[in-house]
Amino acid sequence: MTHSGTALPVTLDRESPVPLAVQLADALRESASNGHLRGGDRLPSTRALAERLGVSRTVTSAAYEQLHAEGWIAGRHGSGTYVTTSPPSDRPVHRTVPGELQEPDSFLDLTPGTPWAAGLDRAAWRRAWRAAADAPPLSRAHRAGLPDYRAAIAEHLLRHRGLAVGTDFVLATGGTTGAVVELAGAVFSAGDVIAVEEPGYQRAVHALRAAGLTVVGVPVDEEGLRPDAIPAGVRAVYCSPAHQYPMGSRMSAGRRVDLVERARRENMLVIEDDYDGELRFDVAPLPLLAALAPDVVAHLGTTSKILTPTLGAGWMVAPPAVTSAVLAYRDRTGTRPSPAGQRVLIELARHGDLGRHLRKLRRELSERRMLLVAALRAGGVPVVGDEAGAHLVVPFASAEEEHDRLRAAERRNIRLDGLARHFAGTPTAFGAAIGYAGCSREALRDALHLLVDLLH
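Residues numbered from 1 in each chain as written. Predicted model: local features only at pLDDT ≥ 70, side-chain atom pairs only at ≥ 80, totals over all residues. Heavy atoms only, no water.

Looking at an unreviewed UniProt entry, the protein carries the name GntR family transcriptional regulator, with the source organism given as Amycolatopsis bartoniae. Here is the UniProt Sequence similarities (unreviewed entry) comment for the protein, exactly as written: "In the C-terminal section; belongs to the class-I pyridoxal-phosphate-dependent aminotransferase family." (UniProt positions renumbered as here; feature names shortened; annotations may be inferred.)

A look at the packing of helix H6 (residues 176–186) against helix H7 (residues 202–210)
Between H6 and H7, the least distance of the axes is 9 Å, while the angle of their chain directions is 25°. It follows that H6 is roughly parallel to H7 by the angle criterion. H6 and H7 meet at a crossing whose hand is right-handed. Across the interface between the two elements, Thr177, Val180, Val181 and Ala184 from H6 touch Arg203, Ala204, Ala207 and Leu208 from H7. Of the residues belonging to the contact of H6 with H7, the class tally is 6 nonpolar, 1 polar and 1 charged. (Axes fitted to C-alpha atoms, helices over the stretch in contact; angles between N-to-C directions. Helix = DSSP H or I, 4+ residues; strand = E, 2+ residues; numbered from the N terminus. Parallel < 35°, antiparallel > 145°, perpendicular 65-115°, else oblique. Left-handed = near helix turned anticlockwise from the far one by under 90°. Contact = heavy atoms within 4.5 Å. Nonpolar A, V, L, I, M, F, W, Y, C, P; charged D, E, K, R; others polar.)

Remarks on the side chain of Arg362
Mapped onto the secondary structure, Arg362 falls in helix H12 (residues 353–378). Buried charge without a salt bridge: Arg362, with Glu278 as the nearest opposite-charge side chain at an N-O distance of 6.9 Å. Of note is the side chain of Arg362, whose polar atom sits 2.7 Å from the backbone oxygen of Glu278. Leaving out residues up to four positions away in the same chain, Arg362 has contacts with His160, Glu278, Leu279, Arg280 and Phe281. (Buried < 20%, exposed > 50% of the residue type's maximum accessible area, 1.4 Å probe, protein only. Lys, Arg positive; Asp, Glu negative; His and termini not counted. Salt bridge = Lys/Arg side-chain N within 4 Å of Asp/Glu carboxyl O. Polar contact = N/O pair within 3.5 Å; in protein donor to acceptor, adjacent residues only side chain to side chain.)

Looking at the side chain of Gln244
Secondary-structure assignment places Gln244 in the loop between strand S11 (236–239) and helix H8 (253–266). In terms of polar contacts, Gln244 uses its side chain to reach the side chain of Glu197, at 3.2 Å. Not counting chain neighbours up to four residues away, the residues in contact with Gln244 comprise Glu197, Pro199, Gly200, Val220, Ser249 and His391.

Structural notes on the confidence of the model for the protein
Averaged over all residues, the pLDDT of the protein is 88; the fraction at 70 or higher stands at 90%. In the predicted structure, residues 1–6 sits below a pLDDT of 50 and forms 17 contacts with residues beyond four places in sequence or in another chain. Residue range residues 86–105 is modelled with pLDDT below 50. Its contacts to residues more than four positions away, or to other chains, number 39 contacts. (pLDDT = per-residue confidence, 0-100.)

Structural notes on unusual backbone geometry
One can expect most non-glycine residues to show negative phi and most peptide bonds to be in trans. Of note, the amide linkage connecting Glu198 to Pro199 takes the cis form, showing an omega dihedral of 0°. Residue placement: Pro199 occurs in the loop between strand S8 (193–198) and H7. Note that the residue after Tyr245, namely Pro246, is joined by a cis bond; omega there is 10°. Secondary-structure assignment places Pro246 in the loop between S11 and H8. Here Asp276, not a glycine, exhibits a phi torsion of approximately 60°, which is positive. Position of Asp276 among the secondary structure elements: in the loop between strand S12 (269–273) and helix H9 (289–292). The exposure class of Asp276 is buried, given its relative accessible area of 6%. Of note in this structure, Asn413 is not a glycine but carries a positive phi near 70°.

Here we look at the pairing of strand S13 (residues 297–302)
Counting buried positions along S13 gives 6 out of 6 residues, so the element sits mostly inside the fold. Residues Val297, His299 and Gly301 line one face of S13 and the alternating positions Ala298, Leu300 and Thr302 line the opposite face, and both faces are buried. For S12 and S13, the ladder comprises 4 bridges, and the chain directions are parallel. When the sheet's bridge partners are listed, Glu272 is paired in S13 with His299. (Pairing = 2+ DSSP bridges.)

Quick look at the environment of Ala27
Secondary-structure assignment places Ala27 in helix H1 (residues 20–33). Judged by its relative accessible area of 18%, Ala27 falls in the buried class. Between the C-alpha atom of Ala27 and that of Ala325, which follows or precedes it by 298 residues, the distance is 56 Å.

With respect to the sheet that holds S8
With mixed pairing, the 8 strands of this open sheet are ordered in space as S7-S14-S13-S12-S11-S8-S9-S10. Edge strands, defined here as strands with exactly one partner in the open sheet, are strand S7 (170–173) and strand S10 (224–225). Strand direction decides the pairing type here: S8 and strand S9 (residues 214–221), joined by 6 bridges, are parallel. Of the residues in S9, the one forming a bridge with Val196 is Gly217.

Focus on helix H11 (residues 339–350)
The terminal C-alpha atoms of H11 lie 16 Å apart, and with 12 residues this matches the ideal 16 Å at 1.5 Å per residue to within 8%. For H11, the complete set of buried residues consists of Gly341, Gln342, Arg343, Val344, Leu345, Ile346, Glu347 and Leu348. Against the buried residues of H11 lie helix H4 (122–134), helix H5 (147–161), S7 and H12. Residue Ser338 occupies the N-cap position of H11, its side-chain oxygen lying 3.4 Å from the main-chain nitrogen of Ala340. Two residues or fewer after H11 comes Gly352, characterised by a positive phi angle close to 80°. (Expected span 1.5 Å × (residues − 1).)

Quick notes on the nonpolar core
Residues Leu376, Leu416 and Leu455 are the most contacted members of the largest nonpolar core, which totals 87 residues. Sort the elements by how many residues they give to this core and helix H14 (residues 441–455) lands first, with 9 residues. Contacts of Leu376, omitting those with residues within four sequence positions, involve Val381, Val383, Leu392, Val394, Ile434, Leu451, Val452 and Leu455. Core analysis: the next-biggest nonpolar cluster, separate from the first, contains 29 residues, Tyr238, Ile271, Ala318 and Leu327 among them. (Core = buried A, V, L, I, M, F, W, Y, C linked by side-chain atoms within 4.5 Å.)

This is the structure in structure tokens:
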């Protein structure tokens, strides 16, 4: 392939498990890194490049989007796409050799929970903050959240989670954990028993316990939380049915029905943490429990994983009695979700940047997961978890094995997360939870041989 007199040695291997878009992005990135492409060089259009390589335009568009997000290329209105004159600040200075990480003096953090913040369109991000800053200062707080924010979330839930809900039923929150804190203080009384997934999200567990509530664990398996194992007499059950954290399973349809039917019979509130709910890769995002049973489900969501924790913005959709209790709690305590992050989200949604980022995010994380799973399975390493989200799990046989392998990874400058710490009670499952969103794709790829060696 040639353009502007410069030959670009791009070879795509259609037999490789690595997606063609990933191969193309890697090849162009390598050409820019080694000087074959220089700052200011014009690249062919996505259509022309697709024709030259014999691939679909979807492949070339995805590769360009990835390189644009990383800062390797930039578009000039009306004149095409160019290699940037200033390379990305995190460009690696050398390729790794076996046994060495890209940055040997720093850790590669592969613990779950970190979003792909580097993929945010910086121009859209700056535009949203500027527009948010242009809004006049508030003279009083909106206890339920800014009306435009609530409307934007209602639209987001309809488009990306299939939940039709009126703006008045959406409450702004400071995020998932903040919403749990409010529910614990507003809806329950000291001594009430709350069931949680075991293993599960420990920040929620700590928030519930801090409010004087009693927490009991309910086991999860490959179909998610087991409703039949919920003890009698609980006031609520906290769960993450879309992509269970940390095991990565999804709650089956049968268990969803069993859970809400039991909640109705026993007057339980189901607290639905929609962890990674927008991030499915194999099928469309699964329907919400809140859509199945809005009378007994309090749905919680956050921008922290799909955008960035910088916004400190989340949402709650709950039965009217729960919503009223939370608003009364805010009146008593004077707590309010910050409007600054809400204003930024409003602007991102207004210009379509939120939807574009979600589409790019799904594609990026899907490709990263395929890359990681292919390498691990080729090395004989078992993998647990659905094709969703930003982490997967490698199971271990014992607590000793988990401890030893995680310590070995630390000695090789890789930080992984263990399953044992996610139990509210005595751990019964062990393994490594590996997140793949927070680092660069190059850092992840360069660490693959080490991960296989450490986890095999």
